[in-house]
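# Structure assessment
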Number of protein chains: 2
Amino acid sequence: MAKAWHLTSRPQGLPTHDNFALRDLPDAPLEKDQLRVRNLWLSVDPYMRGRMNDAKSYAASFQIDQPMTGGAIGEVVESRMEGFAPGDLILHMAGWRDGGVIGLDMMPNKLPAEALAAGMTPQTFLHNMGLTGGTAWIGLLRIASAKPGDTVFVSAAAGAVGSAVVQIAKAREMTVIGSAGGAEKCEWALDLGADAVVDYKAGPVLPQLAAALERLGKPGIDVYFDNVGGEHLDAAFATANDFARFAICGMIDVYNDGKAQEMKYLIRTIPARIRMEGFIYTDQFIECMEEFYADMGGLIASGAVTMRETVHEGLEATTDAFLGLFAGANMGKMLVRI
Amino acid sequence: MAKAWHLTSRPQGLPTHDNFALRDLPDAPLEKDQLRVRNLWLSVDPYMRGRMNDAKSYAASFQIDQPMTGGAIGEVVESRMEGFAPGDLILHMAGWRDGGVIGLDMMPNKLPAEALAAGMTPQTFLHNMGLTGGTAWIGLLRIASAKPGDTVFVSAAAGAVGSAVVQIAKAREMTVIGSAGGAEKCEWALDLGADAVVDYKAGPVLPQLAAALERLGKPGIDVYFDNVGGEHLDAAFATANDFARFAICGMIDVYNDGKAQEMKYLIRTIPARIRMEGFIYTDQFIECMEEFYADMGGLIASGAVTMRETVHEGLEATTDAFLGLFAGANMGKMLVRI
């Protein structure tokens, strides 16, 4: 019998294990336009925290005592859906579970056979060829209009989105400064090609960012890709060149605490004519998916864009994986292997 | 002998009379490409505060012990500049003085004879047909892409820029909520056509803004035109509809104190996909001046856009006028008549 993680109470602040319970899913015969799947990989992502609130947000709230959802890679076990056959590998939204019956609302899509044949792993469609890689690509190139020669600052540069931003920017001949927490993550950001790093655990962000710009001989940043908010965002305002563009992807610093952000340099929006824009992958994806798959597929095939995976084993470990996102426990993409 | 206000020391925080001194200008024979002018009207504007700092800003800093500059309307007394003759009324940048010799660097432009013949006052080119009206028009229509049907929130709605924003927005069939300090200014904002007002001196901004939206049956704001920053900006983040656009024109709340802004709702940038952009009139003006003059001239001629002037008499009163901007002493455009 399939099991799924259910939300049992809404987190106040940082989520804990007490907010979740692993429960059996009801079994049912397969109806028309349904698939029975066995999940292989589950994605956990920071945006899911927002869906645990009751508040109006960009994705519908998770409901109490209902199974949660999220990106997953599964294998079709039984099919009454046209175009799908047992053995097919699919990307779908019925994550947080080891399998079960899914319908069209879970947006099943077969993984492209050519990509798999060329050696791309299935879980790549949960990161560089999926939500996190797409978020990086859209935010950097479309929202922030980053172009060769720009100086780019990216926070959470050793995270799933941030590490993709670093590599896409380097492939496009930009100068990149990445921020990450701790020596190991900073080292990896440099391995990915970052020209300089800021270790936010080692001291305040702004002086480190200013020193990195000086070392690189750059007067300021042209682009900021924000995954963090707070002190990082304020440092970006402080160092922005004229007509800088900020793509605001996440503010993991403030998802849980709800406190006011102290913005000392926000006023530079005017003299520097900064454009700051929040965005969500799903708004933009349909319009650019063809271009994204072609471009990102090429960058991955050439080795220009790689990914490290932090893998938790087994459905039981899903909440550990999710909670780890807010403790900075992941290098690259946080995944659960069933 | 002409006199001009000189900056004698850089203000720390709020400027005071001690930062300025009225001094004689050296007299000189007129050289080629120079005009001798007698000023009639001087403009004082909040942006001038930024030019009193030594810091890099969008306009060059005023220099200590040098005469200050700014928008002015003058009459040509003597001309060695092609195209100008005694008696011409001109707009130029040699303000903060009662007259003197000016060159091409002060950007003299003759006021259009047709507009004057049609009854437009010369000082209109210091407000609705000049810097403040142009700032309102560019920020609302170009930076914030406001369109008919939008709900617009504008701070400092009884100021020179804000009052123009209210009227342009109403002429374009938008719903407008204006914020101003005190009953008299709020009353004027309503007279200008605002659908609702927020009196920031009467209580916190956000509850008043939320109540106004509810009364008007609007779910939130589509556009925020910011002249103020701080609490007003945070209230705009709190009430922004999806894909709201913020044109950041000024942050008079924080020009002087340099304190951090406490932004509790900045995080809504992401779920609401807010676009915030700082802008400066002079960046945009050249490209759109023809369209601006035609459109704004029509709105003024039809009576759709009007202006109240708060007039101080005599060059000696210039610093009073300027300092009054930061005490909310002006209704509409603050001017000095020589």
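Conventions adopted
- Residues numbered from 1 in each chain as written.
- Chains lettered and ligands numbered in written order.
- Predicted model: local features only at pLDDT ≥ 70, side-chain atom pairs only at ≥ 80, totals over all residues.
- Heavy atoms only, no water.
- Buried < 20%, exposed > 50% of the residue type's maximum accessible area, 1.4 Å probe, protein only.
- Helix = DSSP H or I, 4+ residues; strand = E, 2+ residues; numbered from the N terminus.
- Arc of directions from axis to C-beta.
- Contact = heavy atoms within 4.5 Å.
- Buried area = accessible area lost by both parts, 1.4 Å probe.
- Salt bridge = Lys/Arg side-chain N within 4 Å of Asp/Glu carboxyl O.
- Polar contact = N/O pair within 3.5 Å; in protein donor to acceptor, adjacent residues only side chain to side chain.
- Nonpolar A, V, L, I, M, F, W, Y, C, P; charged D, E, K, R; others polar.
- Pairing = 2+ DSSP bridges.
- Domains from an automatic or database assignment.
- Least-squares fit on C-alpha atoms with pLDDT ≥ 70 in both.
- Phe/Tyr/Trp six-rings, centres within 6.5 Å; stacked < 30°, edge-to-face > 60°.
- Core = buried A, V, L, I, M, F, W, Y, C linked by side-chain atoms within 4.5 Å.

## Things to note about helix α5 (residues 183–191) of chain B
All names here are of chain B. When α5 is considered as a whole, its buried residues turn out to be Lys185, Cys186, Trp188 and Ala189. Relative to the axis of α5, the buried residues are bounded by an arc of 160° and lie together on one face. Seen from the buried face of α5, the exposed residues on the opposite side, beyond 90 degrees, are Ala183, Glu184 and Asp191. Close packing links the buried residues of α5 with α4 (160–171), β9 (175–180) and β10 (196–199). Gly193, located one to two residues past α5, shows a positive phi value of around 120°.

## Considerations on the interface of chain B and chain A
With 31 residues of chain B at the interface, the matching set in chain A holds 31 residues. For the chain B and chain A pair, buried surface summed over both sides reaches about 2,800 Å², with 64% attributable to carbon and sulfur atoms. Counting across the interface, chain B meets chain A through two salt bridges. Note that Arg273 of chain B and Asp283 of chain A form a salt bridge whose closest N and O atoms lie 2.5 Å from each other. The tally of links between chain B and chain A comes to seven residue pairs in polar contact (both at pLDDT 80 or more). Counting residues per element, the ones that place at least two in the side of chain B that touches chain A are α7 (230–239), β12 (240–248), β13 (261–263) and β14 (275–278) of chain B. Looking at the side of chain B that touches chain A element by element, the count peaks at four residues for β14 of chain B. Residues of the side of chain B that touches chain A, tallied by class, amount to 19 nonpolar, six polar and six charged. Pairing of strand β14 (residues 275–278) of chain A with β14 of chain B involves three bridges; the strand directions are antiparallel.

## A short note on the domain arrangement of chain A
Residues and elements named next belong to chain A. Once the domains are mapped, chain A shows domain 1 (3–124 + 307–337) and domain 2 (131–281). For domain 1 and domain 2, the distance between their C-alpha centres works out to 29 Å. The interface is formed by 18 residues belonging to domain 1 together with 13 residues belonging to domain 2. Across the domain 1/domain 2 interface, buried area totals approximately 1,300 Å², and carbon plus sulfur atoms make up 64% of it. On inspection of domain 1 and its partner domain 2, the count reaches one salt bridge.

## Observations regarding the relation of the copies chain B and chain A
Screw-axis analysis of chain B against chain A gives a translation of 0.0 Å along the axis, an RMSD of 0.0 Å, and a rotation angle of 180°. When the rotation and shift are considered jointly, the pair of chain copies conforms to a two-fold rotation axis. Of all interface residues in chain B, 100% are interface residues in chain A too; the two copies therefore contact each other through one and the same surface.

## A few points about unusual backbone geometry
The general pattern is negative phi for most residues beyond glycine and trans for most peptide bonds. Backbone geometry at Asp65 of chain A places phi at a positive 65°, although glycine is not the residue there. Locating Asp65 of chain A in the fold gives a position in the loop between α1 (48–51) and β4 (72–79). A residue is classified by how much of its surface remains accessible, and Asp65 of chain A, at 40% relative accessible area, is partly exposed. Even without being a glycine, Phe243 of chain B presents a positive backbone phi close to 65°. Relative to the elements of secondary structure, Phe243 of chain B occurs in strand β12.

## Quick word on α7 of chain B
Judged by how many residues are buried, α7 of chain B sits mostly within the fold: eight of ten residues are covered. Inspection of α7 of chain B places Gly230, His232, Leu233, Asp234, Ala235, Ala236, Phe237 and Thr239 of chain B among the buried residues, and these make up the whole buried set.

## Some words on the packing of aromatic side chains
Residue and element names in this part refer to chain A. Following the criterion strictly, the structure yields 26 aromatic pairs over all chains and no others. With a centroid separation of 5.4 Å and an interplanar angle of 40°, the aromatic rings of Phe292 and Tyr293 are classed as tilted. Judged by relative accessible area, Phe292 falls into the buried class, the value being 0%. Joined through ring pairs, the aromatic side chains of Trp137, Tyr281, Phe285, Phe292 and Tyr293 make up one cluster.

## Some details on the nonpolar core
Residues Phe246 and Phe322 of chain A together with Phe246 and Phe322 of chain B are the most contacted members of the largest nonpolar core, which totals 93 residues. Discounting residues that sit within four places of it in the chain, Phe322 of chain A has contacts with Pro15, Phe20, Val44, Asp45, Met48, Arg49, Met52 and Trp96 of chain A. Within the second largest apolar cluster, 51 residues are counted, among which are Phe125, Ala164, Val166 and Phe292 of chain A.

## Structural notes on the environment of Ala317 of chain B
Relative to the assigned elements, Ala317 of chain B resides in the loop between β15 (309–313) and α9 (318–325). The spacing of Ala317 of chain B and Leu192 of chain B is 125 residues in sequence and 28 Å in space, taken between C-alpha atoms.

## Observations concerning the pattern of salt bridges
If you walk through the whole model with that rule in mind, you get 36 salt bridges over all chains. A salt bridge links Asp54 of chain A to Arg10 of chain A; its shortest N-O distance comes to 3.8 Å. Of this pair, Asp54 of chain A sits in the loop between α1 and β4 while Arg10 of chain A sits in the loop between β1 (3–7) and β2 (20–24), placing them 44 residues apart in sequence. Residue classification places Asp54 of chain A among the exposed residues on the basis of a relative accessible area of 59%. In this structure, the salt-bridge partner of Arg337 of chain B is Glu313 of chain B, at a minimum N-O distance of 2.5 Å. In this pair, Arg337 of chain B sits in strand β16 (residues 333–337) while Glu313 of chain B sits in strand β15, placing the two residues 24 residues apart along the sequence.

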